[in-house]
Amino acid sequence: MVFFLGCGGGEEPTKGDFCDSFGTAYCQRKVECGLEPNFNVCFKQLKSGCCLINDTCGEQIMDSAAFPKLMKQCAAELSVHKCSYLETNAFLPAVCEDAL
């Protein structure tokens, strides 16, 4: 699994960084579950709804020390998340929600 943790050294993570990292893990799992045939389409739609549409991608969301750990935990949880939960959007792993 690939994560996009943003560019630049020492900058605080932004909502865009979260959307990139979360979107990668989320869309990969949806493809694995057979719920989404195209990763790129899923990712673009998620990123748009996550921060592009309301222009919040640049907002800082947490300190840089916590971000990589939370995103790694989120990706791990999503990788085993029940496909039926993703299909119905019933809920996401709590650690993913905590990252915001």
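Residues numbered from 1 in each chain as written. Predicted model: local features only at pLDDT ≥ 70, side-chain atom pairs only at ≥ 80, totals over all residues. Heavy atoms only, no water.

Novice: Could you give an account of helix α2 (residues 39-52), with specific residues and numbers?
Specialist: Of all the positions in α2, only Cys42, Phe43, Leu46, Lys47, Cys50 and Cys51 are classed as buried. Buried positions in α2, seen along its axis, are confined to an arc of 125 degrees and lie on one side of it. Every exposed residue of α2 that faces more than 90 degrees away from the buried side is listed here: Lys44, Gln45, Gly49 and Leu52. Tucked inside the fold, the buried residues of α2 contact α1 (15-32). A distance of 2.9 Å separates the backbone nitrogen of Asn40 from a side-chain oxygen at the start of α2, and that oxygen is part of Asn38. (Buried < 20%, exposed > 50% of the residue type's maximum accessible area, 1.4 Å probe, protein only. Helix = DSSP H or I, 4+ residues; strand = E, 2+ residues; numbered from the N terminus. Arc of directions from axis to C-beta. Contact = heavy atoms within 4.5 Å. Polar contact = N/O pair within 3.5 Å; in protein donor to acceptor, adjacent residues only side chain to side chain.)

Novice: Run through the state of the cysteines, naming residues and quoting values.
Specialist: Per the stated rule, a full pass over the model turns up 5 disulfides. A disulfide bridge connects Cys27 with Cys42, and the sulfur atoms are separated by 2.2 Å. Residues Cys27 and Cys42 share a disulfide whose torsion about the S-S bond is about -80 degrees; that sign makes it left-handed. Within this pair, whereas Cys27 is found in helix α1, its partner Cys42 is found in helix α2, the two being separated by 15 residues in sequence. Of the two residues examined, Cys27 and Cys42, each falls in the buried class. (Disulfide = S-S within 2.5 Å.)

Novice: Account for the packing of α1 against helix α3 (residues 66-79), with residues named and values stated.
Specialist: Two measures define how a pair of helices packs: the angle their axes make with one another and the distance between the axes. The contact between α1 and α3 brings their axes to 9 Å, and the two run at 15 degrees. Classified by the angle between their axes, α1 and α3 sit roughly parallel to one another. Note that α1 runs across α3; the crossing there is right-handed. Facing α1, whose interface residues are Asp17, Phe18, Ser21, Phe22, Ala25, Tyr26 and Arg29, α3 presents Phe67, Met71, Cys74, Ala75, Leu78 and Ser79. For the contact of α1 with α3, a count of residues per class yields 9 nonpolar, 2 polar and 2 charged. (Axes fitted to C-alpha atoms, helices over the stretch in contact; angles between N-to-C directions. Parallel < 35°, antiparallel > 145°, perpendicular 65-115°, else oblique. Left-handed = near helix turned anticlockwise from the far one by under 90°. Nonpolar A, V, L, I, M, F, W, Y, C, P; charged D, E, K, R; others polar.)

Novice: Give me the confidence of the model for the chain: which residues, what numbers.
Specialist: Scored by pLDDT, the chain comes out at a mean of 84, with 87% of its residues at no less than 70. For the chain, helix α5 (residues 94-98) is the element with the lowest average pLDDT, namely 82, and α1 is the one with the highest, namely 93. Scored below 50 in pLDDT, residues 1-9 shows 16 contacts in the model against residues more than four places distant or in partner chains. (pLDDT = per-residue confidence, 0-100.)

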